[in-house]
Amino acid sequence: MSQAETIEAYHSDVDLAASQLDHPSWNNAQVVMITTYWSGESAPIGRHAEARLIWTNEAICVRYVCNQTEPLVVSSTPQTNNKTIGLWDRDVCEIFLAPEPHEPERYFEFEAAPTGEWIDLALHITPDKRETDMEFHSGMTTAARVEKDRVVIAMRIPWGTWIQKPHKGGRWHVNLFRCVGSGPTRGYLAWQPTHTQQPNFHVPEVFGWLLFR
């Protein structure tokens with residue numbers, strides 16, 4: 001595992017809420033830069049984002065701080081009570097988690113938008129197709145704050161039957177993404193580029209590692 005392909009998530013004794021965007025615990029987390037498109041091409045700095053991950057006895061938390069130099073692409077009538085199907089067509093931050101080291105093709109997708117809208121999905125990639133469980137329910141919560149020239153987005157994903165609490169030293173497969181903009185210039189940024197012909201994040205074989213410290 002190379003350092004460039006590994007995120008170290010540090011344990012916090014404080015159980016963070018998604019809304020605690022400025023909690024001091026975030027200052028101790030590793031900064032993971034998302035600066036390239038899915039193709040591997042460098043994205044302009046106005047679209048760069050950083051992510052930080054923390055895990056607690058209750059959940060895993062991820063916070064994105066995104067440069068925002070263009071108009072937001074968001075719903076004019078957002079709702080946060082239920083998952084928003086099609087959220088991936090607007091501005092959104094995403095994390096894919098595969099808890100079983102030997103089964104990267106089975107993973108979970110979590111997304112959150114600048115509006116606080118969210119979606120969680122369970123996926124299985126087979127040689128023939130991509131199976132998506134739209135009924136998967138993780139109990140995730142989100143928070144977001146739109147500032148001048150940047151957007152802050154956080155997700156809290158609790159441990160449960162599907163996603164069980166790891167042990168220190170454990171490692172999962174992971175990838176991080178950001179979608180921004182619209183039309184022909186829409187940007188699909190990936191921490192670990194997928195190098196597909198068309199934008200596609202669902203390539204488990206290129207996922208990096210998440211190491212629980």
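Counting restarts for each chain, with residues numbered from 1 along the sequence as it is written. At least 70 in pLDDT is required for a residue's local features to be given in this predicted model, at least 80 for side-chain atom pairs to be given and counted, and no such filter applies to totals for whole chains, interfaces and linings, which use all residues. Only heavy atoms go into the side-chain values, all of them from the structure, while hydrogens and water stay out.

Draft legend 1. Structural view of the pairing of strand 8 (residues 130–133). Two strands make a pair as long as DSSP finds a minimum of two bridges between them. Each helix is a run of H or I in the DSSP string that is no shorter than four residues. Each strand is a run of E no shorter than two, and both are numbered from the N terminus. Here strand 7 (residues 118–125) runs beside strand 8; their pairing, made up of four bridges, is antiparallel. Directly across from His124, in strand 8, lies its bridge partner Glu131. Where strand 7 folds back on strand 8, the antiparallel hairpin that results is connected by four residues.

Draft legend 2. Structural detail: the environment of Thr77. In this structure, Thr77 sits in the loop between strand 4 (59–67) and strand 5 (92–98). Sequence separation between Thr77 and Ile157 is 80 residues; the distance between their C-alpha atoms is 24 Å.

Draft legend 3. View of the pairing of strand 11 (residues 171–180). In terms of burial, strand 11 is largely enclosed, as nine of its ten residues are buried. Relative to strand 11, strand 5 is paired through seven bridges, and the arrangement is antiparallel. Within strand 11, the residue paired with Ile95 across the bridge is Leu176. Here strand 11 pairs with strand 13 (residues 208–212) via four bridges, running antiparallel. Pairing of Val174 across the sheet is with Gly208, part of strand 13. Here four bridges tie strand 11 to strand 12 (residues 187–190), and the two strands are oriented antiparallel to one another. Residue pairing in the sheet places Arg178 in a bridge with Leu189 of strand 12. Between strand 11 and strand 12, which pair antiparallel one after the other, the connecting turn spans six residues, and Gly181 there sits at a positive phi close to 90°. Any residue under 20% of the maximum accessible area for its type is buried, any over 50% is exposed, and the rest in between are partly exposed; the area is computed with a 1.4 Å probe on protein chains only.

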